[in-house]
Amino acid sequence: MTSMILNGERRAVRAAAETPLLYVLREEFGLNAAKFGCGLGQCGACTVVIDGEAVFSCITPVMLAENRQVTTLEGLGTAEAPGPLQRAFIDAQAAQCGYCIPGMMMRAHALLARDPDASDAAIRAELEPHLCRCGTHMRILRAIRLAADAMRPRSTAEAGR
Amino acid sequence: MTLSRRAVLAGTGALVLAFSLLPARAQTETGKGEGPRRRGLPGSLDDTPRLDAWIRVAPDGAVTVLTGKAELGQGLKTALLQIAAEELKLPLARLSLVTADTGRTADEGYTAASHSVQDSGTAIRHAAAQVRALLIGEAARRLDVPAERLRVRDGAVLGPGGARIGYGDLVSDALLTAEAQPTSPLTPAAEFAVIGRPVPRIDIPAKVTGGTAYLQDLRPPGLLHARVVRPPSYGAVLTQVDAAAVERLPGVIAVVRDGTFLGVVAEGEWTAIQAMRRLAASARWRETAILPDAADLPDALRALPSRDSTILERGAPGAAGTIVEGTFTRPYLAHGSIGPSCAIAEWTDGGATVWTHSQGVFPLRRALAGLLHLPEDKVRCIHAEGAGCYGQNGADDVAADAALLARAVPGRPVRVQWMREQEHAWEPFGPGMVASVRAAVTPDGRVADWTHEVWSQSHMMRPGPPGALLAAREIAEPFPPAPPVALAQPEGGGDRNAIPLYAFPTAKIVHHFLPDMPLRGSSMRSLGGYLNVLAIESTVDDLARAAGWDPVAFRLRHLTDARASAVVEAAAQRFGWGRGAPRAGRGFAFARYKNLEAYCAVAVEITVDRETGQVGIERVVAAVDTGEVVNPDGVANQIEGGLLQATSWTLFERVAFDRTRVASVDWSAYPILRFSAVPRSVEVHIVAQPDQPFLGVAEAAQGPAGAALANAIRDATGRRLRDLPLTAGKIKAALGA
Amino acid sequence: MGLGVVGIAAAGAALAAAWRSEIAPVPPPAPASFDPALVRRGADLALIGDCRTCHTAPNGAAFAGGLPLPTPFGTLYSTNITPDPETGIGRWSQAAFARALRDGVDREGRHLYPAFPYDHYSATTDDDVRALYAFFMSRPAVSAPPPPNELPFPLTIRLTLAGWKLLFLRPKNLAPDPAKDEVWHRGRYLVEGLGHCGACHSPRNLLGAEITSRAYQGGEAEGWRAYALGAASRSPVPWDEAALMQYLRDGFHPLHGVARGPMAPVVENLAEVPREEVAAMARYLASLGAGPRGEAAATPSLVPASAPGQAPQAAGAQAAIPAAGTDLYAAACTACHEGGRPPPFGGISLALSTAISDESPRNLVNLILEGLPVRGGTAQPIMPGFGAVLTDAQVASLAADLRRRFGGGLPWPDLDSAIREARAARRLAARPAAAMTR
Ligand code: FES
Ligand code: FES
């Protein structure tokens, strides 16, 4: 039995302790955003945020989520009421097939929470573990930039110029 | 040796002698449109003329648009709805769309070859316009006013004196069962309110919020999870496995073995994966070393038996001039979908329903019916979106896996997803190819002679035939491998885009079609077009250099197609070609995809780290003419994607194999573009051509993008590299110390 | 250390004679004035010497310096060795270049910090110095002043280095050994000289000098253990010449794993030099012997049946059965370390891991925390790091479990402090430039 705080709500699961978090999120909790891409920690499609850090859920046993804050893309907003990062991805039309996007967004979310003034170079460097096969990279970068600018309190945004 | 390879590829020993004896079938890449048009109707209406196959209006006014094409991440749904909304004069949000489903939609073959807007979009546009006319006609009849005095707005027909009848009230059972007419009252481009606008894609909100967006996200009640154990190499035969031990594991429902086909069905996904691992660990295989030597792949390809055809012969070859010649090679390339292939199948009432991200639900149905020994109407294939596929990946194969496994547990839907290693090892690769070009340029800068030969296996091994499916070759009573298909010109397969668009006075183009398949291969974006354009555009660059001409000016003087010239000029001008000093290298390239679809020109500026050979892409500027544009932002998105994907192919990618096994079975061994190599800036400019027909755009950028990069590397290093990928190591070697 | 520093300072002060004169500047020689063959030779030697590795900042121009080198004494920045006349070595004559390389004194006469391994480079022959000079002088000149070093007083006084040299700098004794062949001699010259293997693989004293009496008994570099080579090696499978050759050339060996940390750039460099040179280095290194532990452990029983080379399940057949063990290992490690994908891209069986059999847990801890991060579009092993998700206690329990199951040694007494240090170093490394992931 593992108990975690998933997108702000205390949730418990029976899944065996070694089950990768990805399958718990998808099957037990019926969430869609975290995706299976490789199961090897090579592509980033499964990325979620645990206590502020982006992690690959495909190789993170659920036992490690015990009593931790787990945030998935579902925790950032809904299609009807998208959060700022989601808004930015919609505005930038930053998806082709979109399969890689939730993982990218979760790493960006962790980065911007840690460093709201992240530079373009820092954003690129941070995304290195993530693969996109459709070639949506330019739009992904643009969307994260948009989100960062939108999320920053106005004063810092201006000071950053 | 050759014989045994064929035999082994077929799955079992003696079976496949017939393989290369079957005649190649000329066929188009969409599986449609061969031969003359039957009815002379526009787009796919020609195959499926009934209007209600495309547009349905419910009595409550709800409008459904149906297409036999599938969303592959290219924004097709949005584009088709824009078209329908335009002609039906309805807000986009009031329309719903049904995509490829053998139970509901028209058979439009494969969603491939950048044909979707052309085939389906054209059909929907005409059908929608004709439906509008029928509704107006019906209103005219009811209101007893001439149709000319009626207008439509917002899903209703408006008449004089405030008369207003909603579409739902007008529609009757028989009204839309009519067949389409050859001509339609299309909305003129000048009046477009929806077409040509950057309408936000309707699929994106769900994708960025964790909605149900993919086949992978479907969870029908009672869903079971399954995994297959694929053999370790082509043609390997399963000799032994301890199925009983795995069947006893808690949560395991069934182990299915049929010949070499092996899979396991379980209650949960993780349980299925663990059971798969146990099965794999206990499995023993007989393997055969049948692959060519990877280091000599180009020679091995050219040594294979070939069926040769001269696809163009113009003028008398052998004119004098400065000769430029070289042989270009590309290795096998993986589609490399980020989401491994997935399918759900359910067996009920002696038939199967399969949810699939196949590019062709109708041909897949045919193949599955054969595999399962069912009549076609007992199999229904419903498209649901997967990760981007870029051609034929494992989608069809995994659908067969799911169908076979579901048969063991009737009444319960079974979801199968491939593991990463399975996708990388078993998908049908973009074929390895060789293209050899020899050309001459006169001192005054005219191309005097041009010969281009290309060697390639088939780029089109999709189902239809059950033997195109992996599982069908693994089962105890296997189906013969699908006969190799040579796609015909003008679209071509391995010879796609081998005919240059330039007005060279003499030219000879030869296609060496290789019926043998050293590695499993099939369609991958732009087919042979990528290498052929790279070969042509590299050679044109070298000819320009040899004659002392600027490469852009040299291209322009050999182009006679005004739209081609306009695109070349637009890219050069936006890039600032010829202005300022390049950082390390600049490259330019151009092609018209298939010589029939969108025009695309690309200019690139790069830096090269002289110590490592690493390329840094500073700037990419592309110009594209795609005829009438349905969604400009969608076009830009597709072109950007093509540019970046081709960058990855050109700089990094290569399927690795030894004499027995594919070795590049993950992202470690098969590197693709990561953010560190992403260009600093990418610009896409659309050269507008309203009132021209839609042209396919999804694959227009790949050839020019790869070629422009190759030309920039030539510019930076002084050396022409012809063997893909153009890795840092090769560039470093080219630079010398 | 404080005492030692004072000691050096005193020795330095007493050594006014250690003052070295300036060598007159020369006009930068034209790149074309060098024989291309000599330049090519210099390129190979520069690769063996890892010159680019230290003298290039992340994302910086090659050889333009600026790479931070954290040392126990402070942070040094590598210098610009491009032929830029103002900020590089453009005005250095060959004599000045030779003196810097072999004596650790720059053109102006300043003593250089021994992070620059002149204690090894001193062995370089005149011919090779000439080739290196030709190579560097024909690189593109880059104007890039290196950032100032961050050192405490009195180390900022370079004359103290004269004292250090007096205490520790000994000419390399490379007298011919009649029992050995030419290849071995070549290998020794490269390993002891330009290759400066001992700079990392030998322990250092409190003043940062290699302890020559314990050469190759294992050292430290940038927060990583540089394993003992030769007789002191703790590799579960003994190294032999062929294995060393493959490892140095390809960056991995199926029974030893992949080069990473500061060793990664070394093998990247060696991949480009002529085969014979690497073969010579391998022969010499093999002659250092195989460790007693290595020999004892090299029983077939320790090499698991799933070990690479023994019919791995590959190409799409994920074959791992998690071995009995902690859930953590089963969940996080087996997909790669028992996944059947052959090395270097699949992880090696942990029974073969020197990180686990070594006397220090530091490398294992580094690997658990950081993994093998991706570096752009080359084929490379990728291991995700688990530092973000594991608590220190979880890292400790995983490491201890792996040690118990695969290490065949006693538990590590210093595991907790190794984890603390690795965490601190990670923050450090993440600050200006992650040198090891470059
Ligand atoms: S699915 Fe987790 S990193 Fe690829
Ligand atoms: S959008 Fe398709 S993989 Fe990134």
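Residues numbered from 1 in each chain as written. Chains lettered and ligands numbered in written order. Predicted model: local features only at pLDDT ≥ 70, side-chain atom pairs only at ≥ 80, totals over all residues. Heavy atoms only, no water.

For chain A, an unreviewed UniProt entry supplies the name (2Fe-2S)-binding protein and the organism Methylobacterium variabile.

A. Structural view of the interface of chain A and chain B. Every contact between the two is made by 53 residues of chain A and, on the other side, 68 residues of chain B. Contact between chain A and chain B buries roughly 4,800 Å² in total, counting both sides, with carbon and sulfur atoms accounting for 54%. Looking only at chain A, the three residues that lose the most surface to chain B are A:Gln96, A:Leu131 and A:Arg133, adding up to 18% of its buried area. At the boundary of chain A with chain B, the tally comes to six salt bridges. With its nearest N and O atoms 4.0 Å apart, the salt bridge here joins A:Lys35 to B:Asp217. Viewed at the interface, chain B and chain A are joined by 41 residue pairs in polar contact (both at pLDDT 80 or more). In terms of residue count, the dominant contributor to the side of chain A that touches chain B is helix 5 (residues 137-151) of chain A (six residues). Of the residues in the side of chain A that touches chain B, the class split is 29 nonpolar, 14 polar and ten charged. (Contact = heavy atoms within 4.5 Å. Buried area = accessible area lost by both parts, 1.4 Å probe. Salt bridge = Lys/Arg side-chain N within 4 Å of Asp/Glu carboxyl O. Polar contact = N/O pair within 3.5 Å; in protein donor to acceptor, adjacent residues only side chain to side chain. Helix = DSSP H or I, 4+ residues; strand = E, 2+ residues; numbered from the N terminus. Nonpolar A, V, L, I, M, F, W, Y, C, P; charged D, E, K, R; others polar.)

B. Region of interest: the sheet that holds strand 5 (residues 156-158) of chain B. Residue and element names in this part refer to chain B. Taken together, three strands build an open sheet; the order of strands is 4-5-6 and the sheet is antiparallel. The open sheet has two edge strands with one neighbour each: strand 4 (151-153) and strand 6 (164-166). Across this sheet, the average inter-strand angle for adjacent strands is 30°, counted without regard to direction. By the bridge criterion, three bridges tie strand 5 to strand 6 in an arrangement that is antiparallel. Opposite Leu158, over in strand 6, you have Arg164 as the bridge partner. (Pairing = 2+ DSSP bridges. Axes fitted to C-alpha atoms, helices over the stretch in contact; angles between N-to-C directions.)

C. Broad picture of the environment of B:Ala127. By the secondary structure assignment, B:Ala127 is in helix 3 (residues 116-143). Excluding its chain neighbours within four sequence positions, the residues that come into contact with B:Ala127 are B:Leu45, B:Leu51, B:Trp54 and B:Ile55.

D. Local environment of the interface of chain B and chain C. Between chain B and chain C, the residue contacts involve 33 residues of the former and 32 residues of the latter. Here chain B meets chain C over a buried area of about 2,700 Å², counting both sides, of which 54% is carbon and sulfur. At the boundary of chain B and chain C, one finds four salt bridges. Between C:Glu272 and B:Lys732 there is a salt bridge whose closest N-O contact spans 2.6 Å.

E. Focus on the pattern of salt bridges. Residues and elements named next belong to chain B. Under the counting rule described, the total for this entry stands at 72 salt bridges over all chains. Here Glu86 ties to Lys89 by a salt bridge, and the two come within 3.5 Å at their closest N and O atoms. The salt bridge partner of Glu376 is Arg365, with a shortest N-O separation of 3.6 Å. Within this pair, whereas Glu376 is found in the loop between helix 9 (361-372) and strand 16 (379-383), its partner Arg365 is found in helix 9, the two being separated by eleven residues in sequence. Classification of Glu376 as partly exposed rests on a relative accessible area of 33%. Several salt bridges share partner residues, and in doing so they unite Glu537, Asp541, Asp542, Arg545, Arg555, Arg720 and Arg722 into one network. (Buried < 20%, exposed > 50% of the residue type's maximum accessible area, 1.4 Å probe, protein only.)

F. Summary view of the domain arrangement of chain C. Residue and element names in this part refer to chain C. If you check the domain split of chain C, you get domain 1 (30-168) and domain 2 (182-302 + 312-435). Look at where the C-alpha atoms of domain 1 and domain 2 centre, and you get two points 28 Å apart. Each partner contributes residues to the interface: domain 1 has 25 residues there, and domain 2 has 28 residues. Where domain 1 abuts domain 2, roughly 2,400 Å² becomes buried across the two surfaces, and 64% of that area is made up of carbon and sulfur atoms. A per-residue breakdown of the area domain 1 buries against domain 2 is headed by Leu47, Ile48 and His120, which together make up 28% of the total. Inspection of the region where domain 1 meets domain 2 yields one salt bridge. A salt bridge links Arg41 to Glu277; its shortest N-O distance comes to 3.1 Å. For the pair domain 1 and domain 2, the number of links is seven residue pairs in polar contact (both at pLDDT 80 or more). Within the residue set of the side of domain 1 that touches domain 2, elements represented by two or more residues are helix 2 (36-48), helix 3 (51-54), strand 1 (68-71), helix 5 (118-121), helix 6 (126-137) and helix 7 (160-168). For the side of domain 1 that touches domain 2, the element with the most residues is helix 2, which contributes five residues. Across the side of domain 1 that touches domain 2, the residue classes tally to 14 nonpolar, five polar and six charged. (Domains from an automatic or database assignment.)

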